[in-house]
Amino acid sequence: MHGDYKKVLLNHPDKLLSAVLVLVAIHSLAFGLTLIAQPAVLMKFAGFNPDCDHFFPAQGGVFHLIMFVFYLMGATQIEKYHHFIVLSIFIKAVATLFLVTYCFIAEFKWIIFLSGIVDGVMGLMIFLAFQHYLRSKKLAA
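Residues numbered from 1 in each chain as written. Predicted model: local features only at pLDDT ≥ 70, side-chain atom pairs only at ≥ 80, totals over all residues. Heavy atoms only, no water.

A. How the structure looks around helix α4 (residues 55-76). Here α4 contains 22 residues, and its C-alpha end-to-end distance of 32 Å stays within 8% of the 32 Å for a straight helix at 1.5 Å per residue. Structurally, α4 contributes buried residues whose contacts are with α2 (13-37), α5 (82-105) and α6 (110-140). (Helix = DSSP H or I, 4+ residues; strand = E, 2+ residues; numbered from the N terminus. Expected span 1.5 Å × (residues − 1). Contact = heavy atoms within 4.5 Å.)

Here is the structure:
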């Protein structure tokens, strides 16, 4: 059964791209809601002071919810919303650069560094799946 999923995804680049975007969307939804709620236990675990001003992290959470919508739009209608897919790759690249740079220039926190690495991996996954999709369209034309 496991091999069947792999075969289906590799033979259907649109399904692969949609699956990647849905997984990234789920991550953005969870991260966005967490940034908005800012549970004290998670904030402490991540190395942040839970008694800080909550506005800017919540604003970041709203941004993640907006990206959640963009990822889902791209996943459900690739042709119509291909520009959101390109935007997603750009945003993931900028996020990776910002987060990793912040760690080494301003303040190192393991959660920020890990977030930068995860954003980079997600951006690479979107990029590779999108390239696979575009190559398959070119071959079919």
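B. Spatial organisation of the pattern of salt bridges. A full pass over the atoms with the stated rule returns 3 salt bridges. The residue Lys109 makes a salt bridge to Glu107 at a minimum N-O spacing of 3.3 Å. Judged by its relative accessible area of 15%, Lys109 is buried. The exposure class assigned to Glu107 is partly exposed, which follows from its relative accessible area of 35%. (Salt bridge = Lys/Arg side-chain N within 4 Å of Asp/Glu carboxyl O. Buried < 20%, exposed > 50% of the residue type's maximum accessible area, 1.4 Å probe, protein only.)

C. How the structure looks around the side chain of Asp119. Positionally, Asp119 belongs in helix α6. Residue classification places Asp119 among the buried residues on the basis of a relative accessible area of 10%. Apart from residues no more than four positions distant in its own chain, Asp119 is found in contact with Lys92, Ala95, Thr96 and Leu99.

D. Inspection of the packing of aromatic side chains at higher detail. Tallying each qualifying case throughout the model produces 9 aromatic pairs. Judged by centre distance (5.8 Å) and plane angle (85°), the ring pair of Phe104 and Phe113 falls under edge-to-face. You can call Phe113 partly exposed: its relative accessible area is 28%. Taken together, Phe70, Tyr81 and Phe84 form an aromatic cluster joined through their ring pairs. Geometry around Phe48 places Lys109 over its ring, the cationic atom sitting 5.0 Å from the centre. (Phe/Tyr/Trp six-rings, centres within 6.5 Å; stacked < 30°, edge-to-face > 60°. Lys NZ or Arg CZ within 6 Å of the ring centre and 35° of its normal.)

The values reported here are purely geometric and, on their own, carry no functional implication.
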